[in-house]
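Structural features, examined
Take a look at the letters that make up each chain.
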Amino acid sequence: MKDRIEALTASFGASLAEVADLDALEALRVEYLGKRGHLTELMKGLRDVADKKAAGQLINSFKVDVEAKIAERETALYEEAINAQIRRAKKYNPTLTFPREMGSYHPITLATREVEAIFESMGFTIENYAEIVGDYECFEALNIPKHHPARDMQDTYYLENGQLLKTHTSAAQNAIMKKYGAPLRAIFPGRCFRNESTDACHENTFFQMEGMMIDENISISNLIYFMKTMLSEVFNRDVKVRLRPGFFPFVEPGFELDINCEICGGDGCPSCKNSGWLELCPCGMIHPNVLREGGIDTEKYTGFAFGLGLTRLAMMRYGIKDIRDFNSGSLKALSQFKSI
Ligand code: FA5
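Residues numbered from 1 in each chain as written. Predicted model: local features only at pLDDT ≥ 70, side-chain atom pairs only at ≥ 80, totals over all residues. Heavy atoms only, no water.

**Quick notes on the site of the ligand**
Surveying the vicinity of the ligand reveals 24 residues, the closest of which are His168, Ser170, Arg194, Glu196 and Glu203. In the complex, the protein chains occlude 95% of the 660 Å² of accessible area that the ligand would expose alone. Taking a 2 Å distance to the grid points as the criterion, the majority of the atoms of the ligand fall inside the largest pocket. Contributions of two or more residues to the shell around the ligand are made by strand S5 (205–215) and strand S10 (302–309). (Near = heavy atom within 4 Å. Areas by Shrake-Rupley, 256 points an atom, 1.4 Å probe, with all protein chains shown as cover. 1 Å grid on protein atoms, 1.4 Å probe; cavity = no way out; pocket = protein on both sides within 12 Å on 5 of 7 lines; lining within 4 Å. Sits in = over half its atoms within 2 Å of the grid points. Helix = DSSP H or I, 4+ residues; strand = E, 2+ residues; numbered from the N terminus.)

**Section: the state of the cysteines**
Counting across every chain of the model gives 0 disulfides. Here Cys272 is not cross-linked by a disulfide; its sulfur's nearest cysteine counterpart is in Cys269, at 3.8 Å. Here Cys272 falls in the buried class, since its relative accessible area comes to 2%. (Disulfide = S-S within 2.5 Å. Buried < 20%, exposed > 50% of the residue type's maximum accessible area, 1.4 Å probe, protein only.)

**Focus on the pattern of salt bridges**
Pairing of side chains with opposite charge becomes possible as their charged atoms draw close. Per the counting criterion, the structure on display carries 16 salt bridges. Salt-bridge contacts for Arg237 lead to Glu262; the nearest nitrogen and oxygen are separated by 2.6 Å. Here Arg237, found in the loop between helix H8 (220–235) and strand S6 (241–245), pairs with Glu262, found in the loop between strand S7 (251–260) and strand S8 (277–279); they are 25 residues apart in sequence, far enough to count as distant. A relative accessible area of 27% places Glu262 in the partly exposed class. Notably, a salt bridge pairs Asp258 with Arg244, separated by 2.6 Å at the nearest N-O pair. Of this pair, Asp258 sits in strand S7 while Arg244 sits in strand S6; the two residues are 14 residues apart in sequence, bridging distant segments of the chain. (Salt bridge = Lys/Arg side-chain N within 4 Å of Asp/Glu carboxyl O.)

**Some thoughts on the layout of surface pockets**
Put simply, the largest pocket is a space of about 970 Å³. Lining the largest pocket we find 46 residues, and of these Arg194, Phe248, Glu256, Glu279 and Pro282 sit closest to its centre. Sorting the residues of the lining of the largest pocket by element identifies S5, S6, S7, S8, strand S9 (283–286), S10 and helix H10 (310–318) as the ones contributing at least two each. Tallied by class, the residues present in the lining of the largest pocket amount to 23 nonpolar, 12 polar and 11 charged. (Points joined across faces, edges and corners; volume = space filled by probe spheres on them. Nonpolar A, V, L, I, M, F, W, Y, C, P; charged D, E, K, R; others polar.)

So this is what it looks like as C-alpha coordinates:
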(Lines give C-alpha, C1' and ligand atoms only; values in the text may rest on other atoms or scores of the structure.)
Protein backbone atom coordinates (compact mmCIF):
# COMPACT_ATOMS: atom_id res chain seq x y z
CA MET A 1 0.00 0.00 0.00
CA LYS A 2 2.82 2.36 0.94
CA ASP A 3 4.58 1.85 -2.44
CA ARG A 4 1.31 2.33 -4.28
CA ILE A 5 0.62 5.63 -2.48
CA GLU A 6 4.16 6.89 -3.12
CA ALA A 7 3.82 6.11 -6.82
CA LEU A 8 0.44 7.87 -6.97
CA THR A 9 1.85 10.91 -5.12
CA ALA A 10 4.68 11.18 -7.66
CA SER A 11 2.39 10.82 -10.69
CA PHE A 12 -0.08 13.34 -9.21
CA GLY A 13 2.76 15.86 -8.72
CA ALA A 14 3.92 15.41 -12.33
CA SER A 15 0.37 15.76 -13.73
CA LEU A 16 -0.36 18.81 -11.57
CA ALA A 17 2.72 20.55 -12.94
CA GLU A 18 1.31 20.08 -16.45
CA VAL A 19 -2.12 21.53 -15.63
CA ALA A 20 -2.62 24.76 -17.59
CA ASP A 21 -6.25 25.65 -16.97
CA LEU A 22 -9.24 25.04 -14.72
CA ASP A 23 -10.73 22.35 -16.99
CA ALA A 24 -7.52 20.31 -16.87
CA LEU A 25 -7.43 20.72 -13.09
CA GLU A 26 -11.00 19.44 -12.77
CA ALA A 27 -10.11 16.40 -14.89
CA LEU A 28 -7.14 15.70 -12.62
CA ARG A 29 -9.34 16.05 -9.53
CA VAL A 30 -11.82 13.52 -10.92
CA GLU A 31 -8.96 11.17 -11.82
CA TYR A 32 -7.66 11.15 -8.25
CA LEU A 33 -10.57 12.03 -5.96
CA GLY A 34 -13.61 11.17 -8.11
CA LYS A 35 -15.98 8.21 -7.44
CA ARG A 36 -14.03 5.91 -9.70
CA GLY A 37 -10.69 7.59 -9.04
CA HIS A 38 -7.42 6.47 -7.48
CA LEU A 39 -8.55 7.32 -3.96
CA THR A 40 -11.56 5.01 -4.23
CA GLU A 41 -9.26 2.27 -5.56
CA LEU A 42 -6.96 2.71 -2.57
CA MET A 43 -9.92 2.47 -0.17
CA LYS A 44 -11.07 -0.73 -1.84
CA GLY A 45 -7.53 -2.13 -1.47
CA LEU A 46 -7.76 -1.69 2.31
CA ARG A 47 -9.64 -4.93 2.72
CA ASP A 48 -6.53 -6.91 1.59
CA VAL A 49 -4.19 -5.13 4.01
CA ALA A 50 -3.25 -6.55 7.45
CA ASP A 51 -2.52 -3.25 9.28
CA LYS A 52 -5.69 -1.41 8.29
CA LYS A 53 -5.15 1.43 10.75
CA ALA A 54 -1.70 2.40 9.43
CA ALA A 55 -2.83 2.01 5.80
CA GLY A 56 -5.96 4.10 6.51
CA GLN A 57 -3.80 6.92 7.90
CA LEU A 58 -1.55 6.85 4.81
CA ILE A 59 -4.58 6.99 2.49
CA ASN A 60 -6.04 9.86 4.48
CA SER A 61 -2.88 11.97 4.40
CA PHE A 62 -2.61 11.28 0.63
CA LYS A 63 -6.20 12.54 0.23
CA VAL A 64 -5.56 15.67 2.32
CA ASP A 65 -2.37 16.41 0.37
CA VAL A 66 -4.06 16.02 -3.03
CA GLU A 67 -7.03 18.18 -1.98
CA ALA A 68 -4.76 20.95 -0.66
CA LYS A 69 -2.62 21.03 -3.79
CA ILE A 70 -5.68 21.12 -6.04
CA ALA A 71 -7.19 23.99 -4.00
CA GLU A 72 -3.93 25.94 -4.16
CA ARG A 73 -3.62 25.47 -7.93
CA GLU A 74 -7.27 26.38 -8.37
CA THR A 75 -6.79 29.74 -6.64
CA ALA A 76 -3.76 30.51 -8.79
CA LEU A 77 -5.58 29.53 -11.98
CA TYR A 78 -8.61 31.68 -11.06
CA GLU A 79 -6.36 34.68 -10.62
CA GLU A 80 -4.65 34.01 -13.93
CA ALA A 81 -8.04 33.63 -15.65
CA ILE A 82 -9.32 36.94 -14.21
CA ASN A 83 -6.15 38.79 -15.17
CA ALA A 84 -6.38 37.37 -18.67
CA GLN A 85 -9.98 38.58 -18.87
CA ILE A 86 -8.93 42.07 -17.75
CA ARG A 87 -6.15 42.09 -20.32
CA ARG A 88 -8.58 41.02 -23.04
CA ALA A 89 -11.12 43.66 -21.91
CA LYS A 90 -8.41 46.30 -22.06
CA LYS A 91 -7.72 45.48 -25.64
CA TYR A 92 -11.26 46.26 -26.66
CA ASN A 93 -12.14 49.07 -24.24
CA PRO A 94 -11.18 52.40 -25.78
CA THR A 95 -11.52 54.20 -22.43
CA LEU A 96 -8.90 51.99 -20.78
CA THR A 97 -5.89 53.36 -22.59
CA PHE A 98 -3.74 53.75 -19.45
CA PRO A 99 -2.04 50.83 -17.78
CA ARG A 100 -4.13 49.68 -14.83
CA GLU A 101 -2.45 51.32 -11.87
CA MET A 102 -3.26 52.48 -8.39
CA GLY A 103 -4.57 56.04 -8.11
CA SER A 104 -2.83 58.74 -6.15
CA TYR A 105 -3.85 61.48 -3.76
CA HIS A 106 -4.39 64.92 -5.26
CA PRO A 107 -1.56 67.32 -4.31
CA ILE A 108 -4.09 69.57 -2.56
CA THR A 109 -5.15 66.63 -0.38
CA LEU A 110 -1.50 65.93 0.43
CA ALA A 111 -0.78 69.56 1.31
CA THR A 112 -3.98 69.82 3.38
CA ARG A 113 -3.13 66.73 5.41
CA GLU A 114 0.39 67.93 5.96
CA VAL A 115 -0.70 71.33 7.31
CA GLU A 116 -3.51 69.75 9.34
CA ALA A 117 -1.02 67.42 11.05
CA ILE A 118 1.22 70.37 11.93
CA PHE A 119 -1.59 72.38 13.51
CA GLU A 120 -3.12 69.33 15.17
CA SER A 121 0.20 68.74 16.92
CA MET A 122 -0.05 72.31 18.23
CA GLY A 123 -3.49 71.71 19.75
CA PHE A 124 -5.73 73.02 16.95
CA THR A 125 -8.97 71.20 16.11
CA ILE A 126 -9.89 70.67 12.46
CA GLU A 127 -13.30 71.94 11.42
CA ASN A 128 -15.36 71.37 8.33
CA TYR A 129 -17.66 74.03 6.92
CA ALA A 130 -20.18 74.47 4.11
CA GLU A 131 -19.28 75.71 0.64
CA ILE A 132 -22.63 77.47 0.20
CA VAL A 133 -23.08 80.16 2.82
CA GLY A 134 -25.12 83.28 3.53
CA ASP A 135 -24.14 86.91 3.05
CA TYR A 136 -24.00 87.26 6.84
CA GLU A 137 -21.28 84.61 7.39
CA CYS A 138 -19.21 85.55 4.35
CA PHE A 139 -19.30 89.30 4.82
CA GLU A 140 -21.46 90.94 7.48
CA ALA A 141 -20.24 88.93 10.47
CA LEU A 142 -16.73 89.79 9.30
CA ASN A 143 -17.20 93.52 9.62
CA ILE A 144 -17.94 93.90 5.90
CA PRO A 145 -21.38 95.53 5.71
CA LYS A 146 -23.36 95.78 2.49
CA HIS A 147 -21.81 98.21 0.00
CA HIS A 148 -18.41 98.07 1.74
CA PRO A 149 -15.70 98.47 -0.95
CA ALA A 150 -13.88 95.36 0.39
CA ARG A 151 -16.65 93.28 -1.21
CA ASP A 152 -15.33 94.25 -4.65
CA MET A 153 -12.23 92.14 -4.02
CA GLN A 154 -14.31 89.00 -3.61
CA ASP A 155 -17.00 88.79 -6.25
CA THR A 156 -18.55 85.35 -6.30
CA TYR A 157 -21.38 83.21 -7.62
CA TYR A 158 -24.80 83.90 -6.12
CA LEU A 159 -27.74 81.53 -5.93
CA GLU A 160 -31.29 82.69 -6.59
CA ASN A 161 -32.13 82.30 -2.90
CA GLY A 162 -29.49 84.88 -1.95
CA GLN A 163 -26.92 82.37 -0.76
CA LEU A 164 -23.47 82.36 -2.33
CA LEU A 165 -20.43 80.17 -2.91
CA LYS A 166 -18.02 81.15 -0.16
CA THR A 167 -15.19 83.40 -1.28
CA HIS A 168 -12.94 82.66 1.66
CA THR A 169 -12.69 80.27 4.58
CA SER A 170 -13.13 83.27 6.90
CA ALA A 171 -16.85 82.68 6.26
CA ALA A 172 -16.71 79.98 8.96
CA GLN A 173 -15.18 82.20 11.65
CA ASN A 174 -18.46 83.36 13.15
CA ALA A 175 -20.03 79.89 13.35
CA ILE A 176 -16.91 78.39 14.92
CA MET A 177 -16.67 81.13 17.55
CA LYS A 178 -20.32 80.56 18.39
CA LYS A 179 -19.81 76.80 18.50
CA TYR A 180 -16.82 76.75 20.87
CA GLY A 181 -16.55 80.16 22.50
CA ALA A 182 -13.17 81.11 23.98
CA PRO A 183 -10.48 79.91 24.44
CA LEU A 184 -10.32 78.41 20.97
CA ARG A 185 -7.76 76.98 18.53
CA ALA A 186 -9.14 75.78 15.22
CA ILE A 187 -8.21 75.41 11.59
CA PHE A 188 -10.74 74.96 8.82
CA PRO A 189 -9.67 74.09 5.29
CA GLY A 190 -12.11 74.53 2.45
CA ARG A 191 -12.81 75.22 -1.19
CA CYS A 192 -13.36 78.85 -2.14
CA PHE A 193 -14.89 80.39 -5.23
CA ARG A 194 -14.36 83.75 -6.87
CA ASN A 195 -15.44 85.37 -10.08
CA GLU A 196 -11.87 85.83 -11.21
CA SER A 197 -9.84 85.94 -14.43
CA THR A 198 -7.48 83.00 -14.22
CA ASP A 199 -3.73 83.07 -14.72
CA ALA A 200 -0.74 81.06 -13.46
CA CYS A 201 -1.47 81.97 -9.82
CA HIS A 202 -5.23 82.70 -9.83
CA GLU A 203 -8.07 80.20 -10.11
CA ASN A 204 -11.80 80.69 -9.80
CA THR A 205 -11.93 77.64 -7.50
CA PHE A 206 -9.13 77.17 -5.02
CA PHE A 207 -8.44 76.06 -1.47
CA GLN A 208 -7.67 78.03 1.65
CA MET A 209 -7.06 77.01 5.21
CA GLU A 210 -8.29 79.37 7.87
CA GLY A 211 -6.87 79.33 11.36
CA MET A 212 -8.00 81.07 14.53
CA MET A 213 -6.57 81.21 17.99
CA ILE A 214 -8.45 83.07 20.72
CA ASP A 215 -7.32 83.21 24.31
CA GLU A 216 -6.18 85.63 27.00
CA ASN A 217 -3.10 87.69 26.05
CA ILE A 218 -2.81 86.54 22.45
CA SER A 219 -0.59 88.93 20.51
CA ILE A 220 1.09 89.40 17.14
CA SER A 221 4.13 87.47 18.47
CA ASN A 222 1.93 84.36 18.82
CA LEU A 223 0.69 84.87 15.28
CA ILE A 224 4.21 85.16 13.86
CA TYR A 225 5.41 82.13 15.84
CA PHE A 226 2.63 79.89 14.47
CA MET A 227 3.09 81.09 10.89
CA LYS A 228 6.86 80.52 11.02
CA THR A 229 6.48 77.08 12.58
CA MET A 230 3.95 76.00 9.99
CA LEU A 231 6.09 77.15 7.03
CA SER A 232 9.34 75.67 8.29
CA GLU A 233 7.57 72.33 8.96
CA VAL A 234 5.95 72.25 5.52
CA PHE A 235 9.15 73.09 3.68
CA ASN A 236 11.48 71.34 6.14
CA ARG A 237 13.75 74.38 6.19
CA ASP A 238 13.56 78.09 6.77
CA VAL A 239 11.77 79.76 3.86
CA LYS A 240 12.10 83.40 2.98
CA VAL A 241 8.91 85.28 3.83
CA ARG A 242 7.99 88.92 4.18
CA LEU A 243 5.32 90.51 6.29
CA ARG A 244 3.78 93.76 5.18
CA PRO A 245 0.70 95.69 6.24
CA GLY A 246 -2.53 94.49 4.64
CA PHE A 247 -6.11 95.63 4.93
CA PHE A 248 -8.93 93.23 5.77
CA PRO A 249 -11.94 94.66 7.63
CA PHE A 250 -12.01 91.63 9.95
CA VAL A 251 -8.52 92.08 11.40
CA GLU A 252 -6.72 94.97 13.03
CA PRO A 253 -3.81 95.21 12.49
CA GLY A 254 -3.72 93.12 9.30
CA PHE A 255 -0.77 91.72 7.40
CA GLU A 256 0.07 90.16 4.09
CA LEU A 257 2.49 87.29 4.45
CA ASP A 258 4.28 86.63 1.15
CA ILE A 259 6.58 83.75 0.33
CA ASN A 260 9.67 84.03 -1.85
CA CYS A 261 8.69 82.34 -5.14
CA GLU A 262 10.01 78.78 -5.03
CA ILE A 263 9.62 78.41 -8.79
CA CYS A 264 12.05 81.17 -9.85
CA GLY A 265 13.88 81.66 -6.54
CA GLY A 266 12.75 85.28 -6.45
CA ASP A 267 13.90 86.37 -9.93
CA GLY A 268 10.34 86.80 -11.21
CA CYS A 269 8.24 84.44 -13.36
CA PRO A 270 4.60 84.01 -14.44
CA SER A 271 3.86 81.95 -11.29
CA CYS A 272 4.55 85.02 -9.10
CA LYS A 273 3.48 87.63 -11.65
CA ASN A 274 7.15 88.55 -12.09
CA SER A 275 7.42 89.97 -8.58
CA GLY A 276 9.53 87.21 -7.01
CA TRP A 277 6.95 86.99 -4.18
CA LEU A 278 3.64 85.20 -3.87
CA GLU A 279 0.84 86.32 -1.54
CA LEU A 280 0.33 83.27 0.60
CA CYS A 281 -1.15 83.83 4.00
CA PRO A 282 -2.82 87.09 5.00
CA CYS A 283 -3.35 87.31 8.73
CA GLY A 284 -3.90 89.65 11.63
CA MET A 285 -5.41 90.23 15.05
CA ILE A 286 -9.15 89.54 14.95
CA HIS A 287 -11.14 92.79 14.94
CA PRO A 288 -13.13 93.33 18.17
CA ASN A 289 -16.34 93.75 16.13
CA VAL A 290 -15.83 90.25 14.73
CA LEU A 291 -15.12 88.77 18.16
CA ARG A 292 -18.22 90.43 19.61
CA GLU A 293 -20.37 89.19 16.70
CA GLY A 294 -19.11 85.68 17.53
CA GLY A 295 -20.14 86.09 21.18
CA ILE A 296 -16.58 86.48 22.55
CA ASP A 297 -15.87 88.73 25.52
CA THR A 298 -13.47 91.31 24.07
CA GLU A 299 -12.50 92.62 27.50
CA LYS A 300 -10.99 89.26 28.32
CA TYR A 301 -9.94 87.70 25.02
CA THR A 302 -7.94 88.60 21.95
CA GLY A 303 -7.06 86.40 19.00
CA PHE A 304 -5.38 86.05 15.66
CA ALA A 305 -6.64 84.65 12.37
CA PHE A 306 -4.97 83.70 9.13
CA GLY A 307 -6.17 82.64 5.68
CA LEU A 308 -3.54 80.38 4.15
CA GLY A 309 -3.75 79.98 0.36
CA LEU A 310 -3.52 76.19 0.33
CA THR A 311 -3.48 75.83 -3.42
CA ARG A 312 -0.62 78.32 -3.68
CA LEU A 313 1.17 76.56 -0.85
CA ALA A 314 0.91 73.30 -2.82
CA MET A 315 2.32 75.12 -5.90
CA MET A 316 5.36 76.22 -3.90
CA ARG A 317 5.68 72.94 -2.01
CA TYR A 318 5.69 70.74 -5.12
CA GLY A 319 7.12 73.20 -7.66
CA ILE A 320 3.94 73.42 -9.76
CA LYS A 321 4.28 76.37 -12.09
CA ASP A 322 0.67 76.88 -13.06
CA ILE A 323 -2.23 76.79 -10.59
CA ARG A 324 -4.59 75.68 -13.35
CA ASP A 325 -2.88 72.26 -13.42
CA PHE A 326 -4.62 71.39 -10.13
CA ASN A 327 -8.11 71.42 -11.62
CA SER A 328 -7.06 70.23 -15.07
CA GLY A 329 -7.75 66.56 -14.37
CA SER A 330 -4.57 65.86 -16.31
CA LEU A 331 -3.31 62.44 -15.25
CA LYS A 332 0.09 63.32 -16.67
CA ALA A 333 0.42 66.10 -14.08
CA LEU A 334 -1.38 64.45 -11.17
CA SER A 335 0.11 60.94 -11.41
CA GLN A 336 3.48 62.39 -10.47
CA PHE A 337 2.28 62.47 -6.85
CA LYS A 338 1.97 58.70 -6.64
CA SER A 339 5.18 58.14 -4.78
CA ILE A 340 4.68 60.96 -2.26
C1 FA5 B 1 -8.72 86.36 2.27
O2 FA5 B 1 -9.37 85.56 1.65
C3 FA5 B 1 -8.90 86.55 3.74
N4 FA5 B 1 -10.08 85.90 4.16
C5 FA5 B 1 -7.67 86.01 4.44
C6 FA5 B 1 -7.56 86.39 5.91
C7 FA5 B 1 -8.01 85.52 6.87
C8 FA5 B 1 -6.98 87.61 6.28
C9 FA5 B 1 -7.91 85.84 8.20
C10 FA5 B 1 -6.85 87.92 7.59
C11 FA5 B 1 -7.31 87.05 8.57
P12 FA5 B 1 -7.20 86.94 0.22
O13 FA5 B 1 -8.27 87.33 -0.68
O14 FA5 B 1 -5.93 87.69 0.10
O15 FA5 B 1 -7.66 87.03 1.79
O16 FA5 B 1 -6.88 85.38 0.04
C17 FA5 B 1 -6.06 84.71 0.92
C18 FA5 B 1 -5.09 83.82 0.16
O19 FA5 B 1 -5.83 82.94 -0.64
C20 FA5 B 1 -4.19 84.58 -0.82
O21 FA5 B 1 -3.02 85.06 -0.20
C22 FA5 B 1 -3.85 83.50 -1.81
O23 FA5 B 1 -2.82 82.67 -1.33
C24 FA5 B 1 -5.14 82.71 -1.85
N25 FA5 B 1 -5.98 83.16 -2.98
C26 FA5 B 1 -6.80 84.23 -3.04
N27 FA5 B 1 -7.38 84.33 -4.24
C28 FA5 B 1 -6.94 83.29 -4.97
C29 FA5 B 1 -7.18 82.82 -6.30
N30 FA5 B 1 -8.04 83.42 -7.11
N31 FA5 B 1 -6.54 81.70 -6.70
C32 FA5 B 1 -5.69 81.06 -5.86
N33 FA5 B 1 -5.44 81.43 -4.61
C34 FA5 B 1 -6.04 82.54 -4.16
